[in-house]
Amino acid sequence: GEDVEQSLFLSVREGDSSVINCTYTDSSSTYLYWYKQEPGAGLQLLTYIFSNMDMKQDQRLTVLLNKKDKHLSLRIADTQTGDSAIYFCAETYRNTDKLIFGTGTRLQVF
Amino acid sequence: DAGVIQSPRHEVTEMGQEVTLRCKPISGHNSLFWYRQTMMRGLELLIYFNNNVPIDDSGMPEDRFSAKMPNASFSTLKIQPSEPRDSAVYFCASSPSGRGSTDTQYFGPGTRLTVL
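Small disclaimer: the values here were computed from a predicted structure and weren't measured.

### As for the overall build of chain A
Tallying secondary structure elements over chain A gives zero helices and 11 strands in all. Helices (α) and strands (β) of chain A occur, in sequence order from the N terminus, as β-β-β-β-β-β-β-β-β-β-β. A compact globule built from 110 residues should have a C-alpha radius of gyration of about 13 Å, and chain A, at 13 Å, falls within 12% of that. Taken over the C-alpha atoms alone, chain A extends approximately 40 × 30 × 20 Å along its principal axes. Of all 110 residues assigned to chain A, the portion counted as buried reaches 46%. The long-range share in chain A, meaning contacts at least 24 apart out of those at least 6 apart in sequence, stands at 55%. For chain A, the accessible surface area stands at approximately 5500 Å², while carbon and sulfur atoms represent 47% of it. Each charge class in chain A was averaged separately, 11 positive and 14 negative side chains, and the resulting centres sit 2 Å apart.

### Re the packing of aromatic side chains
Under the counting rule described, the total for this entry stands at 14 aromatic pairs over all chains. Geometrically, the ring pair formed by Tyr31 of chain A and Phe50 of chain A is tilted, given 5.1 Å between the ring centres and 45° between the ring planes. One end of the pair, Tyr31 of chain A, is in strand E4 (residues 31–37); the other, Phe50 of chain A, is in strand E5 (residues 43–50), and 19 residues separate them in sequence. The interplanar angle of 75° and the centroid separation of 5.7 Å between the aromatic rings of Tyr35 of chain A and Phe107 of chain B together place this pair among those described as edge-to-face. One end of the pair, Tyr35 of chain A, is in strand E4; the other, Phe107 of chain B, is in strand E10 (residues 106–107), on a second chain. Of the two residues examined, Tyr35 of chain A and Phe107 of chain B, each falls in the buried class. Through successive ring pairs, a cluster of aromatic residues spans Tyr31, Tyr33, Tyr35, Tyr48, Phe50, Phe88 and Phe101 of chain A together with Phe33, Tyr35, Tyr48, Phe91 and Phe107 of chain B.

### Brief notes about the pairing of strand E9 (residues 85–92) of chain A
Residues and elements named next belong to chain A. Taken across its eight residues, E9 has eight buried, putting it largely inside the fold. Every second residue of E9 is oriented toward a common face, with Ala85, Tyr87, Cys89 and Glu91 on one face and Ile86, Phe88, Ala90 and Thr92 on the other, all of them buried. Two elements, E4 and E9, share six bridges in a ladder whose sense is antiparallel. Bridging across to E9, Tyr35 finds its partner in Phe88. Both E9 and strand E11 (residues 105–109) contribute to a ladder of three bridges, which runs antiparallel.

### Examining the sheet that holds strand E7 (residues 65–71) of chain B
Residues and elements named next belong to chain B. Across the sheet, four strands lie side by side as E1-E3-E8-E7; this open sheet has antiparallel pairing. For this open sheet the edge positions go to strand E1 (5–7) and E7, each flanked by a neighbour on one side alone. Put simply, the sheet's adjacent strands are angled 15° from each other on average, direction ignored. Where E1 lies against strand E3 (residues 19–24), three bridges are found, and the strand directions are antiparallel. Bridging across to E3, Ile5 finds its partner in Lys24.

### A closer look at the sheet that holds strand E8 (residues 71–76) of chain A
Working definition: the strands of a sheet are paired by backbone hydrogen bonds and lie parallel or antiparallel to each other. Residues and elements named next belong to chain A. Spatial ordering of the open sheet is given by E1-E3-E8-E7-E6, a layout of five strands whose pairing is antiparallel. Lying at the two open borders of the sheet, with one neighbouring strand each, are strand E1 (5–6) and strand E6 (55–58). Where strand E3 (residues 18–23) meets E8, six bridges bridge the pair, whose relative direction is antiparallel. The residue bridging Thr23 from the neighbouring strand is His71, located in E8.

Rules used in this analysis
- Residues numbered from 1 in each chain as written.
- Chains lettered and ligands numbered in written order.
- Predicted model: local features only at pLDDT ≥ 70, side-chain atom pairs only at ≥ 80, totals over all residues.
- Heavy atoms only, no water.
- Helix = DSSP H or I, 4+ residues; strand = E, 2+ residues; numbered from the N terminus.
- Rg over C-alpha atoms; globule rule 2.2 N^0.38 Å.
- Buried < 20%, exposed > 50% of the residue type's maximum accessible area, 1.4 Å probe, protein only.
- Contact = heavy atoms within 4.5 Å.
- Areas by Shrake-Rupley, 256 points an atom, 1.4 Å probe, with all protein chains shown as cover.
- Lys, Arg positive; Asp, Glu negative; His and termini not counted.
- Charge placed at Lys NZ, Arg CZ, Asp CG, Glu CD.
- Phe/Tyr/Trp six-rings, centres within 6.5 Å; stacked < 30°, edge-to-face > 60°.
- Pairing = 2+ DSSP bridges.
- Axes fitted to C-alpha atoms, helices over the stretch in contact; angles between N-to-C directions.

Just distances and angles here, no functional claims.
Next comes the structure, spelled out in structure tokens:
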């Protein structure tokens, strides 16, 4: 199958770290992505990781990739109220232009 | 660059009417995607084009939906006749695609369609 799975909801306290998890299915995916969707807006690319990397850090964002388990995670350090949004992971599909998106994780910061 | 442009941003129509959604991709991008987002079904890929040619339309719900890309800077998604269950947010995205690219898709702001 081509399912990309995520938990639906995550609630964190402001200042804490958030970890959003994703499992994917296509081991041939070249890139894996994290997108953010704020209310009433389109999806915005946050970061991506090449499949031969284990980790990528970009300011407050850290992406970890476990190819063996087909597991991708996004860590947001020092979570702020502005980080409240829906986060989607996505994988490339069989070396096509198509992306397969997860169900999205709604992050609520309180 | 202005990013992906979609129009209209909001559309309210009555069941049975024809609806046309428009998209202008980022200049130089050669892949264009139409998505639909609902609470129940999440984000669904409807169709995508590469170099103005439809590549995969397996996500198009039924014959009432059609999409065209007459040139590299314009695409339409048409619903005729529209039904209440078509109510959703429709996104257009474009990608530079091709060798050496990251295949990153850039999304427009979406068109919120309500069919009464």
